Amino acid sequence: MQASVPVRAPTWVSQRRLFQQKLSELHKCNNLNELKQLHALIYRSYLHQDPFLSTKLITSYSNCRQMVSAISVFNQVQTPNVHLYNTMIRAHVHNSQSLQAFDVFYRMQCNGVWPDNFTYPFLLKAFSGPSYISVVRMVHAHVEKFGFYSDIFVPNALLDSYSKCGVMGVHAARKLFWVMEMRDTVSWNTMIGGLVKLGEVVEGRELFDEMPERDSVSWNTMIDGYVKGGEMDAAFELFQRMPERNVVSWSTMISGYSKAGDMETARMLFDKMPVKNLVSWTIIISGYAEKGIVKEAIELYDRMEEALLRPDDGTIISVLAACAESGLLGLGERVHVTIERSRYTCSVHVCNALLDMYAKCGSLNRALSVFYRMRSRDLVSWNAIIHGLAMHGNGREALQLFTGMKQEGFAPDKVTFVGVLCACTHGGFVDEGIHYFYNMERDYGVTPEIEHYGCIIDLLGRGGRLNEAFQLVHDMPIKPNNVIWGALLGACRMHNAVELAEEVLNQLVKLEPYDSGNLSMISNIYAAAGNWDKVCDARLKMKNTGSQKPSGASLIELENEVHEFTVVDKSHPKSVRIYQMINGLSQHLKKDGYTADEILKENYSGSLGGSL
DNA sequence: CTAGGGTTAG
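Keep in mind that this is a model prediction, so the values were computed, not measured. (Residues numbered from 1 in each chain as written. Chains lettered and ligands numbered in written order. Predicted model: local features only at pLDDT ≥ 70, side-chain atom pairs only at ≥ 80, totals over all residues. Heavy atoms only, no water.)

Quick look at the overall build of chain A
For the record, the criterion: The secondary structure listing takes helices from DSSP runs of H or I that are at least 4 residues long and strands from runs of E that are at least 2 residues long, numbered from the N terminus. Relative accessible area decides the class of each residue, using a 1.4 Å probe on protein chains only: under 20% of the type maximum gives buried, over 50% gives exposed, and in between gives partly exposed. Between two residues, a contact is recorded if the distance between any of their heavy atoms is within 4.5 Å. Areas reported here follow the Shrake-Rupley algorithm with a probe of radius 1.4 Å; residue values treat only the protein chains shown as occluding.
Broken down by element type, chain A carries 34 helices and two strands. Across the 612 residues of chain A, 44% fall into the buried class. A separation threshold of at least 6 residues defines the contact pool for chain A, and within that pool the share at least 24 residues apart is 57%. Accessible surface computed for chain A: about 33,400 Å², of which carbon and sulfur atoms make up 54%.

Remarks on the protein's contact with DNA strand B
Put simply, the test is: The cutoff for a nearby residue is simple: one of its non-hydrogen atoms must lie within 4 Å of the molecule or strand. Pairing of N or O atoms within 3.5 Å defines a polar contact, subject to two protein rules: one partner must be a possible hydrogen donor and the other a possible acceptor, and residues neighboring in sequence count only if both atoms are side-chain atoms. Lys, Arg, Asp and Glu make up the charged group, whereas Ala, Val, Leu, Ile, Met, Phe, Trp, Tyr, Cys and Pro make up the nonpolar group; the residues left over, Gly among them, are polar.
The immediate surroundings of DNA strand B are formed by 40 residues, with F153, N189, D312, T315 and N352 found nearest. For DNA strand B, the fraction of atoms within 4 Å of the protein that belong to sugar or phosphate moieties is 51%. With respect to DNA strand B, the side chain of N156 contributes an N or O atom lying 2.7 Å from a base oxygen. At 3.2 Å, a side-chain N or O of H349 approaches a base nitrogen of DNA strand B. Looking at side-chain class alone, the surface near DNA strand B contains 13 nonpolar, 18 polar and nine charged residues.

Re the packing of aromatic side chains
As a reminder, the rule being used: For Phe, Tyr and Trp, rings pair up if their centres lie within 6.5 Å, where Trp contributes its six-membered ring, and each pair is then called stacked (planes under 30 degrees apart), edge-to-face (over 60) or tilted (otherwise).
All told, the structure shown has 23 aromatic pairs when counted by the stated rule. A ring pair is formed by F127 and Y132, whose centres lie 5.2 Å apart and whose planes are at 80 degrees; its orientation type is edge-to-face. Its relative accessible area of 3% is what places F127 among the buried residues. Their ring planes at 70 degrees and their centres at 5.7 Å tell us that F402 and F417 sit as a pair that is edge-to-face.

Description of the packing of helix 2 (residues 32-44) against helix 3 (residues 51-63)
Our working definition: Axis definition: a line fit to C-alpha positions, over the contact stretch in the case of helices; interaxial angles, taken between N-to-C directions, run 0 to 180 degrees. Each angle is binned into one of four classes, with values under 35 degrees roughly parallel, values over 145 roughly antiparallel, values of 65 to 115 roughly perpendicular, and all other values oblique. Each helix crossing is assigned a hand: it is left-handed if the near helix lies turned anticlockwise from the far helix by less than a right angle, otherwise right-handed if that turn is clockwise.
Across the interface, helix 2 lies against helix 3 with an axial gap of 11 Å and an inter-helix angle of 160 degrees. For the element pair helix 2 / helix 3, the angle class is roughly antiparallel. The interaxial crossing formed by helix 2 with helix 3 has left-handed handedness. Across from L32, L35, K36, H39 and I42 in helix 2, the residues of helix 3 making contact are L53, L57, S60 and Y61. The class makeup of the residues in the contact of helix 2 with helix 3 is six nonpolar, two polar and one charged.

Side note on the nonpolar core
How we decide: We define the nonpolar core as a collection of buried residues of types Ala, Val, Leu, Ile, Met, Phe, Trp, Tyr and Cys that are connected through side-chain atoms lying within 4.5 Å of one another.
Ranked by internal contacts, the top residues of the largest apolar core, which has 164 residues, are I284, L331, M357, I385 and I457. Ranked by residue count, the leading element in this core is helix 21 (residues 348-360), at eight residues. Each residue touching M357, except ones within four places of it in the same chain, is listed here: L320, C323, A324, L329, G332 and E333.

Let's talk about the pattern of salt bridges
Opposite charge on two side chains permits pairing when their charged atoms draw close. For the record, the criterion: Counted as salt bridges are all cases of a side-chain nitrogen of Lys or Arg within 4 Å of a carboxyl oxygen of Asp or Glu.
For the structure on display, the rule yields 21 salt bridges. For R205, the salt bridge identified is with D209, shortest N-O distance 3.1 Å. Residue R205 and its partner D209 are both found in helix 12 (residues 201-210); the two are separated by four residues, about one turn of the helix. The partner of R366 in a salt bridge is E333, with the nearest N and O atoms 2.3 Å apart. Here E333 lies in helix 20 (residues 329-342) and R366 lies in helix 22 (residues 364-373), a separation of 33 residues in the sequence. Judged by relative accessible area, which is 32%, R366 ranks as partly exposed. By relative accessible area, which is 28% here, E333 ends up partly exposed. One salt-bridge network, held together by shared partners, links D302, E305, R334 and R341.

Section: the state of the cysteines
Inclusion rule: Any pair of cysteine sulfurs within 2.5 Å is marked as a disulfide.
By the definition in use, this model includes zero disulfides. There is no disulfide at C455, and the cysteine sulfur nearest it, in C422, is 6.3 Å away. The class of C455 is buried, set by a relative accessible area of 13%.

Let's talk about helix 28 (residues 466-475)
The test is simple: The directions from the helix axis to the C-beta atoms form the arc being described.
Buried residues of helix 28: L466, A469, F470, L472 and V473, and no others. Summarising the axial view, the buried residues of helix 28 lie within an arc of 160 degrees, below the 170-degree limit, and thus occupy one face. Looking at helix 28, the residues exposed on the side facing more than 90 degrees away from the buried face are N467 and H474. Against helix 26 (430-444), helix 27 (450-462), helix 29 (482-494) and helix 30 (498-511) lie the buried residues of helix 28.

A closer look at empty space enclosed by the protein
Heads up, the condition is: A pocket, in this scheme, is an open set of points on a 1 Å grid over the protein atoms alone with protein on both sides within 12 Å along at least 5 of 7 lines, while a cavity is a set where a 1.4 Å probe fits but cannot get out; residues line either one if an atom lies within 4 Å of a point. Grid points are joined across faces, edges and corners, and a volume is the space filled by probe spheres set on the points.
One pass over the structure, following the stated rule, counts one cavity of 30 Å³ or more. By volume, the largest cavity amounts to about 30 Å³. Lining of the largest cavity is provided by C346, V348, C351, M374, R375 and S376. In terms of residue class, the lining of the largest cavity is built from four nonpolar, one polar and one charged.

Details of unusual backbone geometry
The backbone phi angle of R65 is positive, close to 60 degrees, even though this residue is not glycine. Mapped onto the secondary structure, R65 falls in the loop between helix 3 and helix 4 (67-76). R65 sits in the exposed class, given a relative accessible area of 51%. Even without being a glycine, L308 presents a positive backbone phi close to 60 degrees.

A closer look at the UniProt feature "repeat: PPR" (unreviewed entry) in chain A
Threshold: UniProt positions are given in the numbering used here, feature names are shortened, and annotations may be inferred rather than shown by experiment.
When the UniProt feature table is mapped onto this chain numbering, "repeat: PPR" (unreviewed entry) sits at residues 81-115, 184-214, 215-249, 277-311, 347-377 and 378-412. Secondary structure content for residues 81-115 is 74% helix and 0% strand, while the C-alpha to C-alpha distance between its ends is 10 Å. Strand forms 0% of residues 347-377 and helix 74%; the C-alpha atoms that close the span are 10 Å apart.

Things to note about the packing of helix 11 (residues 185-197) against helix 12
Two numbers describe how helix 11 lies on helix 12: the axes approach to 8 Å, and their chain directions differ by 165 degrees. With respect to their mutual orientation, helix 11 and helix 12 come out roughly antiparallel. As helix 11 packs across helix 12, the resulting crossing turns out to be left-handed. For the pair formed by helix 11 and helix 12, the contact residues are W188, M191, I192, L195 and V196 on the first element and V201, E203, G204, L207, F208 and E210 on the second. Of the residues contributing to the contact of helix 11 with helix 12, the split by class is eight nonpolar, one polar and two charged.

Here's the deal with the confidence of the model for chain A
One rule of thumb: low pLDDT means the predicted coordinates there are not for detailed reading. Formally: In predicted models, pLDDT denotes the confidence assigned by the predictor to each residue on a 0 to 100 scale.
In the predicted model, chain A carries a mean pLDDT of 86, and the fraction of residues at 70 or more is 84%. Low pLDDT, under 50, characterises residues 597-612; the predicted model gives this stretch 22 contacts beyond four residues in sequence or across chains.

This is the structure in structure tokens:
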């Protein structure tokens, strides 16, 4: 095709003007190719020593996750000033390289450049977490020594970092807060936030009432404190009283009602809120999806797309996790389509959420396909796929992947071993599981925790090795919880061990006296043993305590609709056809020499739910 | 420097 408009060669002047304009916005550049071109031009123009330009280049490379380039720009500068060092620290922090950030902090001082009031807030961002309290203390001492208290940003950053360091940290934050000579609204907000995150809502409220001026962050922080503590009434009271509600205030309330299971109120607020953003949509959609309310979830997902809001990683991960939880394969696939359409590559986190969704929904082939096609895999990816395979009876494959992850140099963690033990349980590899359990600490430095004891006791119990299971519960260094006793009780039921079951029940009633599941389990055990007096006792107790066991249900999602079935359920419109199919299946099974109980024994994973 | 959604287990 011929060009209808003649292309005019750009003049030197207009090129230069363009270059200068590009340079002024260099730090906002997020296109890697363009960034490289500009970098080349800068280099050719001998401008790479320019402190302003190199700072902007580092920021851009850091935003494009190109730390190698960022570092090389930094190294080109012969005598970096404090601003450049600060930029480099921030770049490392932004790319979660906290050790490297600290290294820059150290090197700048070796080179005789002293940190300024910007350095500390950047540096402290890298060390937020309970394990970093000693680092924060050290930085605090540094601040004390160099006297940067005068800039309120510095002690505020310290407050924030301390308050993220658990109980000890919040104690230090409290002390610092009260000795600070100046406190602005951010200081108060940070302190309140630290307190309520640890569950100290009452103390947080005292500060909230005491502070001289409250901004929207103060109100939202306090509301979230109540929300996280499940005190929705107190949260609502503040929500109504606050002078100006913004999108965060509404979202916090919606998230609270959703977590409390009150989707009606959540939805009412969502419809009422004047301005919605990605986060508010995410909260309401995942709320519905988590509870298996597919229709509303999909409807809102459509409406979000119609509103031309592009889901970000947070939305995608959150919705996929909700789909995984309640097995909404349909919506999960919709989200997958969105991902494929909108991005060329996606982050490890998004892929992990996707593969986990497919695995939990039972679509192992697609889970594996996501897993193998991922550009890079992290520990979470391996853990998710191993556990996914294990849960669905592919124990051998799960263990093969366990070998694979070690070959690729990943160190298994405690989550991995939950998956590995689960694989052994569901694959029936009793001795192999015992071997992993007893050697995980020696071979991989992972100390067995209560979850692992739960797995191994389940494994022994299902394998019929009840005595060993009981012995282990007796010998274990951790106090057994209801999961452990529950696993034993299940094993007793499976192997008709009436006396042992009574012993377990005695322990279990201490922990959860009115749990209907336990009573119903023991009643089944007595029934199997023909001890009808005891069956009556148990039934009576259930009646007296008013606890009725909610019947187990199987949920199947078909074409964006969830179908629920309970035992001998005939309410489904197509139930005649369904039972015909089931009878056909059981006849096939019988012909092959299986009885229902045998199947249960071999494949009793809880995933069968209520038998149809 | 402070507020809402965020992947693996239980």
